[in-house]
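Structural characterization, general
Take a look at the letters that make up each chain.
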Amino acid sequence: MKICEYIGGSHLYCLNTASSDVDKRFVFLNTEVSEIIGLERHDSDCKQTKGEDSAGWELRHFLRMCRKCNSAALEALFNEDWVHIDPLFKSSVLDNRLQLIDSKNIYFSLRGYLKSELNASRGRTTGKLGAIRKVQVEKYGYSPKSMMNAIRLALTGERFFKDNVYSNKPEAHFRETLLRIKTDPEGFNADDLERWVEDLEESIKHYFKERNQDYKFDNGVANEICKQFYLPFLIS
């Protein structure tokens, strides 16, 4: 049973183009006792078809993702545009989101993701490069999509630790540049873009060290959320 749903990916970041896929994201509840307190598990529900990508997470699994500050979980926590949202999800999860994040985990998680995207954008991966990315790296010196995501994540981290604002949408004055990286990759130098990411990472380190807010994940709040959603299934 879905308790919230939204459109993620490039549409969420306001960086979509005409060729962008639709990325559906949702959080759901298990309704069978065997999956709520029994031995069976149903943590996620992911499907991919041409032009559409769907991914959902069971509530408890979602909260564990929040505790780790997984980027997909953070996107949902700080999302503002919903296809559907259960009022209880808003009041119990979104209204308490600052108690469902951890500053240190966000710091290490975002830096890890942006480094991964940066390396992928330059073809520095341990695995085999995908066909499209390989062609792009050979032609432009970088993969536009991965480079754009590395910069977007770095900007997100800098803004969070500098201004205590976590936003899925890059600020308007950066958005145009990010879209141009995606649509006009020949107009940029790969080394210059990589230096931009590296400079942003140094800025993240600085603002993390000087931060005036230190958020801690509250297990008690998370457990209470699970109780509010699942208790009715167990006593019915």
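Our structure is the block above this text.
This report concerns the structure included in the present document. (Residues numbered from 1 in each chain as written. Predicted model: local features only at pLDDT ≥ 70, side-chain atom pairs only at ≥ 80, totals over all residues. Heavy atoms only, no water.)

**A few points about the pairing of strand 2 (residues 22-28)**
The condition is simple: Buried residues are those whose accessible area, probed at 1.4 Å on protein chains only, stays under 20% of the maximum for their type, while exposed residues exceed 50% and partly exposed ones sit between those limits. Under the DSSP-based scheme used, a helix requires at least four consecutive residues in state H or I and a strand at least two consecutive residues in state E, with every element numbered from the N terminus. Should DSSP find at least two bridges between two strands, the strands are regarded as paired.
Of all seven residues in strand 2, five are buried; the element is thus mostly enclosed. Of the pairings in the sheet, the one linking strand 1 (residues 2-8) to strand 2 comprises six bridges and is antiparallel in character. Across the sheet, residue Y6 finds its bridge partner in strand 2, namely R25. Across seven bridges, the pairing between strand 2 and strand 4 (residues 52-58) is parallel. Among the inter-strand pairings, K24 is bridged to a residue of strand 4, identified as S54.

**Considering the environment of M147**
For the record, the criterion: Should any heavy atoms of two residues lie within 4.5 Å, those residues are counted as being in contact.
Of note, M147 is situated in helix 8 (residues 144-163). Its relative accessible area of 0% is what places M147 among the buried residues. Sequence spacing of M147 and N119 is 28 residues, and the spatial spacing of their C-alpha atoms is 8.8 Å. Leaving out residues up to four positions away in the same chain, M147 has contacts with L118, S121, R122, Y142, A190, L193, E194 and V197.

**Considerations on helix 11 (residues 219-235)**
It helps to recall that an α-helix has 3.6 residues per turn; residues three or four apart then point in one direction. The cut-off we apply is this: For a helix, the expected span equals 1.5 Å multiplied by the residue count minus one. Take the seven residues that end at a residue and the seven that start at it, fit an axis to each, and the angle between those axes is the bend at that residue. Side-chain atoms alone can form a polar contact between residues adjacent in sequence; in general such a contact is a pair of N or O atoms within 3.5 Å, and within protein one must be able to donate a hydrogen while the other accepts it.
For helix 11, built from 17 residues, the straight-helix expectation of 24 Å at 1.5 Å per residue is met to within 8% by its first-to-last C-alpha distance of 23 Å. Residue F229 marks the point of greatest curvature in helix 11, where the axis turns by about 40°; the proline P232 follows within four residues. The set of residues buried in helix 11 consists of V221, A222, I225, C226, F229 and Y230. In this fold, the buried residues of helix 11 make contact with strand 1, strand 2, helix 2 (33-36), strand 4, helix 3 (59-68) and helix 5 (87-92). Looking at where helix 11 begins, the residue whose side-chain oxygen comes 2.9 Å from the main-chain nitrogen of G220 is D218.

**A closer look at the nonpolar core**
Nonpolar side chains tend to gather and get buried jointly when the protein is soluble and globular. Under the convention used in this document: The criterion is simple. A nonpolar core is a set of buried Ala, Val, Leu, Ile, Met, Phe, Trp, Tyr and Cys residues joined through side-chain atoms within 4.5 Å.
Membership of the largest hydrophobic core comes to 61 residues, with the highest contact counts inside it found for L59, F62, F89, L100 and I151. Counting residues per element, this core draws most heavily on helix 8, which supplies nine residues. Those residues in contact with F62, other than ones at most four positions away along the chain, are V27, W57, A73, A76, L77, F89 and V93.

**Description of the pattern of salt bridges**
Condition: For salt bridges, the criterion is a side-chain nitrogen of Lys or Arg within 4 Å of an Asp or Glu carboxyl oxygen.
The final tally for this structure, using the stated rule, is 18 salt bridges. Of the charged contacts, one joins K169 and D81 as a salt bridge, the two residues approaching to 3.2 Å between their closest N and O atoms. With a gap of 88 residues between them, K169 in the loop between helix 8 and helix 9 (172-183) and D81 in the loop between helix 4 (71-77) and strand 5 (84-85) connect regions that are remote in the sequence. Exposure remark for D81: the relative accessible area of 47% places this residue in the partly exposed category. With its nearest N and O atoms 2.4 Å apart, the salt bridge here joins D192 to R195. A residue pair is termed a helical-turn pair when its members lie 3 or 4 positions apart in one helix, as D192 and R195 do in helix 10 (residues 190-209) at three residues. Looking at D192, the relative accessible area reads 44%, which means it is partly exposed. Connected through salt bridges with shared partners, the residues R122, R124, D191 and E194 form a single ionic network.

**Considerations on the sheet that holds strand 3 (residues 44-49)**
Hydrogen bonds between backbone groups are what pair the strands of a sheet, and the pairing can be parallel or antiparallel. Selection rule: Every axis in this analysis is a line fitted to C-alpha atoms, fitted for helices over the stretch in contact. Angles between the N-to-C directions lie between 0 and 180 degrees.
Spatially, 3-4-2-1-5 is the arrangement adopted by the five strands of the open sheet, whose pairing is mixed. Whereas interior strands pair on both sides, the edge strands pair on one side only; in this sheet they are strand 3 and strand 5. Taken strand by strand, helix 3 contacts strand 1, strand 2 and strand 4, and its axis lies near 95° from that of strand 4.

**Some details on unusual backbone geometry**
For C69, which is not a glycine, the phi torsion comes out positive at approximately 60°. Within the element layout of this structure, C69 appears in the loop between helix 3 and helix 4. C69 gets classed as buried once you look at its relative accessible area, which sits at 0%. We note that N164 has phi near 60°; this positive angle belongs to a residue other than glycine. Within the secondary structure, N164 sits in the loop between helix 8 and helix 9.

**Let's talk about a nonpolar patch on the surface**
We apply this condition: Without a salt bridge and with relative accessible area above 30%, a residue can belong to a patch; like charges are then joined within 9 Å and nonpolar side chains (Val, Leu, Ile, Met, Phe, Trp, Tyr) within 5 Å. Where accessible areas are quoted, they stem from the Shrake-Rupley method and a 1.4 Å probe; at the residue level, only the protein chains shown are allowed to cover.
On the surface, V33, I37, L231, L234 and I235 cluster together into a nonpolar patch covering about 470 Å² of accessible area. If one sorts the elements of the nonpolar patch by residue count, helix 11 sits on top with three residues.

**Quick look at the pairing of strand 4**
Burial runs high along strand 4: five of the seven residues are buried. Pairing between strand 3 and strand 4: six bridges, direction antiparallel. Within the sheet, the bridge partner assigned to S44 lies in strand 4 and is W57. In this structure, the hairpin formed by strand 3 and strand 4 is closed by a connection of two residues, where G51 is found at a positive phi of approximately 85°.

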